[in-house]
Amino acid sequence: MRNYLSSIIMLLAGCLLSCNSRPHNPSHAGTKPEIYPDYVGVTIPVGIAPLDFAMADDSYTAIDVEVKGSKAGQLHANGTYADFDIDEWHRLLESNKGGQLIVTVCARKDGQWKQFDDFPIHVSPYPLEEWGITYRRIPPSYELYSKMGLYERDLSTFKERPLLISTQSPGMCINCHTANRTQPSEYVFHVRGEHGATVIHRGGGDELLMAKNDSLGGSMVYPYWHPGGRYCAFSTNKTSQMFHNASNKRVEVYDSSSDVFVYDTETHQILNDSITMRKYWAENCPAFSPDGKWLYFVTARRQIYPTDYDKERYSLCRVSFDTTTGQLGQQVDTLIQSSETGKSVSWPRPSYDGRTIMYTQADYGYFTIWHGESDLWLYDLATGSTRPLDEVNSPKADSFHNWNVNSRWFLFTSRRDDGLYTRVYFASIDDKGNVTKPFLLPQRDPKRYYRQLLYSYNTPDFTAAPVSANARLMGEKIESDQRTKTSVSDKNLYTN
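Cut-offs and rules
- Residues numbered from 1 in each chain as written.
- Predicted model: local features only at pLDDT ≥ 70, side-chain atom pairs only at ≥ 80, totals over all residues.
- Heavy atoms only, no water.
- Phe/Tyr/Trp six-rings, centres within 6.5 Å; stacked < 30°, edge-to-face > 60°.
- Helix = DSSP H or I, 4+ residues; strand = E, 2+ residues; numbered from the N terminus.
- Buried < 20%, exposed > 50% of the residue type's maximum accessible area, 1.4 Å probe, protein only.
- Lys NZ or Arg CZ within 6 Å of the ring centre and 35° of its normal.
- Salt bridge = Lys/Arg side-chain N within 4 Å of Asp/Glu carboxyl O.

1. Focus on the packing of aromatic side chains
What the rule picks out here adds up to 25 aromatic pairs. Measuring from centroid to centroid gives 5.9 Å for Y314 and Y366, while their planes differ by 80°, and the two rings are edge-to-face. Of this pair, Y314 sits in the loop between β25 (294–301) and β26 (315–322) while Y366 sits in the loop between β29 (356–362) and β30 (375–380), placing them 52 residues apart in sequence. On the basis of an interplanar angle of 90° and a centroid distance of 5.0 Å, the ring pair of Y449 and Y450 is categorised as edge-to-face. According to the relative accessible area criterion, Y449 is partly exposed, its value standing at 23%. Given the relative accessible area of 4%, Y450 is considered buried. Directly above the ring of Y60 sits K109, whose terminal nitrogen or CZ lies 5.3 Å from the centroid. Its guanidinium or amino end placed over the ring of Y425, R416 lies 4.9 Å from that ring's centre, counting from NZ or CZ.

Structure representation (structure tokens):
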């Protein structure tokens with residue numbers, strides 16, 4: 001036993017010395033390092049969690065990293081991956097706001113150290129002004145809900161907290177958490193299942209609406225808050241899915257019908273309007289303008305499903321909205337016409353400064369997380385011009401996105417990492433429209449974390465503060481039969 005313990009101690013000591021040995025007379029690689037995640041040349045906000053990274057090549061067994069600020073300060077990390085001290089990292093970023101971090105990487109392979117060319121990490125002058133993000137994590141299943149859940153993440157650290165997990169509401173599907181302009185005081189999410197409900201948090205309390213209204217004919221999904229907080233736009237969708245035989249495609253999601261309406265949280269009225277509920281058209285993905293005067297949505301001529309699913313192409317439209325009456329205007333403006341572009345628009349998200357609309361473009365349809373060709377585009381509201389965000393797009397699916405409160409940062413999901421799972425990326429945009437290289441949501445020991453994570457990040461958004469939610473109590477509310485009924489106010493339904 002004594003010899004066994006001595007062997008273990010010597011082995012651990014050897015590993016410790018090996019992991020923390022410093023480079024001695026390293027050879028020069030003559031290239032920048034290939035690291036995971038790829039943080040070479042990215043731009044980050046002050047306050048973001050440390051950008052821990054490892055060598056992308058697993059044959060490197062140790063890494064030594066020096067980070068020096070262009071204005072002041074430095075820090076060091078050494079081990080199997082670069083694991084930076086959180087407090088030291090934040091002090092370094094604060095000291096170098098608007099400047100750069102110069103990163104020197106040495107790595108050991110086959111017992112030999114190699115030094116790579118330095119690379120920069122830019123520290124943005126634009127503040128993030130957000131505490132963290134919220135998102136749904138969903139497993140790779142098409143029918144079973146498994147352990148999906150809604151989560152929040154502190155962006156200054158690696159701390160994550162569940163807001164609601166499906167095990168607390170068994171047999172039900174938890175849909176997306178949507179806040180009002182990143183403010184956690186007002187949010188909504190939908191739960192499908194036997195005790196389904198639309199949960200609206202407002203005024204410090206929770207209200208659980210009946211999951212379906214017979215007059216509406218469906219559930220309240222894909223919400224977007226009016227900035228005033230009284231109204232919330234939804235779509236109601238009859239959704240189906242099918243599976244492809246082609247190796248480059250897996251799942252196709254389509255709606256046999258969908259409409260857009262506005263819900264009044266004070267009167268519990270669903271305000272139906274024929275202008276966004278046309279009989280032979282599919283309206284979807286509503287979003288209010290930041291001044292509350294416009295409701296954006298996408299619309300497509302309904303097809304014969306499922307045979308003509310790939311002929312469905314959505315155009316981007318808007319209609320005026322009267323805050324005092326909750327009524328939509330009489331005229332629809334088409335901003336991007338699918339018959340002209342030959343493409344399909346989905347998920348319009350106006351920047352909160354009122355200058356642009358970011359949207360996803362794909363060959364057809366709107367469920368773009370399964371479309372490898374889907375990319376992010378930017379529409380200029382002043383000029384009517386639009387362009388692809390080539391700075392952030394990839395050959396894999398780049399999709400669901402949201403803005404931070406000052407419209408200088410945005411996040412989005414992408415399958416670029418492995419083609420299978422959606423991950424969260426961040427990028428910045430300046431007042432001239434210049435967009436920075438995106439960076440992956442930081443994790444401690446990120447290579448190990450993302451390789452082992454069998455969940456996709458879904459519908460992320462920023463949050464200005466932690467969400468006031470108790471997962472256990474919310475699960476009990478959902479399991480109960482207490483529901484608020486909604487009424488429907490119809491206006492000229494239906495037109496062609």
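2. Re the pattern of salt bridges
With the rule as written, the count across this model stands at 22 salt bridges. Residue R278 is joined to E283 by a salt bridge in which the shortest nitrogen-to-oxygen separation is 3.4 Å. We classify E283 as buried; its relative accessible area is 0%. Of the charged contacts in the structure, one is a salt bridge between R408 and D353, with a shortest N-O distance of 4.0 Å. Taken as a pair, R408 in the loop between β32 (398–403) and β33 (409–414) and D353 in the loop between β28 (344–350) and β29 lie far apart in primary sequence, 55 residues in all. The exposure class of R408 is buried, given its relative accessible area of 13%. When salt bridges that share partners are traced, they join E186, R202, R230, D264 and E266 into one network.

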